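# Chains, contacts and geometry: an overview
These are the residues of each chain, in order.
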Amino acid sequence: MDTADQLVSTGTFRVVKEPLGFLRILEWLFAIFAFATCGGYSGQLKVSVDCQNKTDSDLSVGIEFAYPFRLHQVYFDAPTCDGKRRERLFLIGDYSSSAEFFVTIAVFAFLYSLGATVVYIFYQNKYRENNRGPLIDFIVTVVFSFMWLVSSSAWAKGLSDVKTATDPSEVLLLMSACKVQSNKCLPLHKPVWASLNTSVVFGFLNFVLWAGNIWFVFKETGWHSSTQRYPSSTTEKQPSGYNQQSYNQGRYEQENIGQSGGTNPPGDFGQQSNYGQVGGYGQVGYAPSEPTSFAN
């Protein structure tokens, strides 16, 4: 308990509120829904075979199938309308590859999302160390985005084929009794596809989540940091250098002008000795003298 409390206390759970951590939790949940709705599916269809001889009829022939949809291994016994003899028939098709591929991607996405969330919360410093964690996370996110698109598209096509192969009308064509016009064969119950349709929807939603999360993982890498830092550093240094150069140039001109003989510095205006000697007036501080008398 002490170790668990220490981990919880040191964990930075605020990352869960950020887009990076929040999307990982959504990916984790949606991955569960994807493989649960597909991998846990089991369906049933029913047909009716009404023979001309009523004693040979079977008005409820049930056929069950489930994940991974190896339909060629699903068999059932159907009446032949020829006495009590029955024939064993198999459904057509093997769609396990697309279904298992879809579920495998969902399981691995679930595990990776869970592991990445734990790393974000408890090992964030190691995650950002040497920038290796964000780079690996970015590459894995891109790969999973592509895999979700491929697996969801393949499973959507596989589900369409499964629906066709398990259509009661198609199954009736496999029975020899239904090829005789005197016998009546009718579909009674179709499989319920809501769960498998939901799995396809969650597959494409997972693709959208993972593709959208590429940007937020990219922001954690050094590539995004370098592109953001370089322009800002140049723009900050340029004005400061320009101002310093202008200041030094102005100071230099002021000092040269002050040292030249043509113009005095601003503090020397009251010390012009030559100006007071023009015309014999004397110094600048001029005081009126007695009147001058002229002798004849």
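Residues numbered from 1 in each chain as written. Predicted model: local features only at pLDDT ≥ 70, side-chain atom pairs only at ≥ 80, totals over all residues. Heavy atoms only, no water.

This part takes up the pattern of salt bridges. Applying the stated criterion across every chain, the model contains eight salt bridges. Linking Asp58 and Arg86 is a salt bridge whose minimum nitrogen-to-oxygen distance equals 2.8 Å. With Asp58 in strand S2 (residues 58-66) and Arg86 in strand S4 (residues 86-90), this pair connects stretches of sequence that are 28 residues apart. On the basis of relative accessible area, Arg86 is assigned to the partly exposed category, the value being 41%. Put simply, Arg24, Glu27 and Asp137 are held in one network by salt bridges that share partners. (Salt bridge = Lys/Arg side-chain N within 4 Å of Asp/Glu carboxyl O. Helix = DSSP H or I, 4+ residues; strand = E, 2+ residues; numbered from the N terminus. Buried < 20%, exposed > 50% of the residue type's maximum accessible area, 1.4 Å probe, protein only.)

Quick look at the pairing of strand S3 (residues 75-79) now. The pairing of S3 with S4 spans five bridges and is classified as antiparallel. Bridged to Tyr75 within S4 is Phe90. Here S3 folds back onto S4, and the loop between the two strands holds six residues, one of which, Cys81, carries a positive phi near 60°. (Pairing = 2+ DSSP bridges.)

This part is about the state of the cysteines. Applying the stated criterion across every chain yields a total of two disulfides. Between the sulfur of Cys51 and that of Cys81 lies a disulfide, 1.7 Å long from S to S. Measuring the twist about the S-S bond at about -75°, one finds the Cys51-Cys81 disulfide to be left-handed. Placement of Cys51 in the loop between strand S1 (42-50) and S2 and of Cys81 in the loop between S3 and S4 is noted, with a sequence separation of 30 residues between them. (Disulfide = S-S within 2.5 Å.)

That bond from Tyr67 to Pro68 is cis: its omega, 15°, falls within 30 degrees of zero. Relative to the helices and strands, Pro68 resides in the loop between S2 and S3. Of note in this structure, Phe69 is not a glycine but carries a positive phi near 65°. The residue Phe69 is located in the loop between S2 and S3 in this model. Positive phi outside glycine occurs at Cys81, with the angle close to 60°.

For the structure shown, the criterion picks out 20 aromatic pairs. For the ring pair Phe35 and Phe110, a centre distance of 6.0 Å and an interplane angle of 70° mean the geometry is edge-to-face. Placement of Phe35 in helix H2 (residues 19-39) and of Phe110 in helix H3 (residues 96-122) is noted, with a sequence separation of 75 residues between them. On the basis of relative accessible area, Phe35 is assigned to the partly exposed category, the value being 23%. Here the aromatic residues Tyr41, Phe65, Tyr67, Phe69, Phe102, Trp148, Trp155 and Trp193 are joined through ring pairs into a cluster of three or more. (Phe/Tyr/Trp six-rings, centres within 6.5 Å; stacked < 30°, edge-to-face > 60°.)

A few words now on the environment of Asn53. Looking at where Asn53 falls in the secondary structure, it is placed in the loop between S1 and S2. The exposure class assigned to Asn53 is partly exposed, which follows from its relative accessible area of 41%. For the pair Asn53 and Asp82, spaced 29 residues apart in sequence, the C-alpha separation works out to 8.5 Å.

Taken from the UniProt record, the annotation "transmembrane region" (unreviewed entry) applies to residues 21-42, 101-123, 135-156 and 196-218. Note that residues 135-156 is 100% helix and 0% strand, and that its end C-alpha atoms are spaced 32 Å apart. Within residues 196-218, the helical portion is 100% and the strand portion 0%, while the C-alpha atoms at the span's ends are 33 Å from each other. (UniProt positions renumbered as here; feature names shortened; annotations may be inferred.)

Now for the sheet that holds strand S5 (residues 184-189). Within the open sheet, the three strands sit side by side as S2-S1-S5. Their pairing is antiparallel. Either end of the sheet is taken by a strand with one partner, and the two such strands are S2 and S5. With direction set aside, neighbouring strand axes in the sheet form an average angle of 25°. In this sheet, S2 lies alongside S1 in antiparallel orientation, the contact comprising seven bridges. Following the sheet pairing, Gly43 is matched in S2 by Phe65. (Axes fitted to C-alpha atoms, helices over the stretch in contact; angles between N-to-C directions.)

Right, let's talk about the side chain of Ser113 for a bit. By the secondary structure assignment, Ser113 is in helix H3. A relative accessible area of 0% means that Ser113 is categorised as buried. Not counting chain neighbours up to four residues away, the residues in contact with Ser113 comprise Arg24, Glu27, Trp28 and Trp210. (Contact = heavy atoms within 4.5 Å.)

So, about the environment of Gly40. Mapped onto the secondary structure, Gly40 falls in the loop between H2 and S1. Considering only alpha carbons, one finds Gly40 and Tyr67, 27 residues apart in sequence, at a separation of 6.9 Å.

The biggest cluster of nonpolar side chains holds 43 residues, and the ones touching the most others in it are Val49, Phe65, Phe69, Phe76, Trp148, Trp155 and Met175. In this structure, Phe69 is in contact with Tyr41, Gly93, Asp94, Tyr95, Ser96, Ala99, Trp155, Val162 and Leu196, ignoring residues within four places of it in sequence. Counting eight residues, the second-largest nonpolar core is a separate cluster that includes Val15, Leu20, Ala116 and Tyr127. (Core = buried A, V, L, I, M, F, W, Y, C linked by side-chain atoms within 4.5 Å.)

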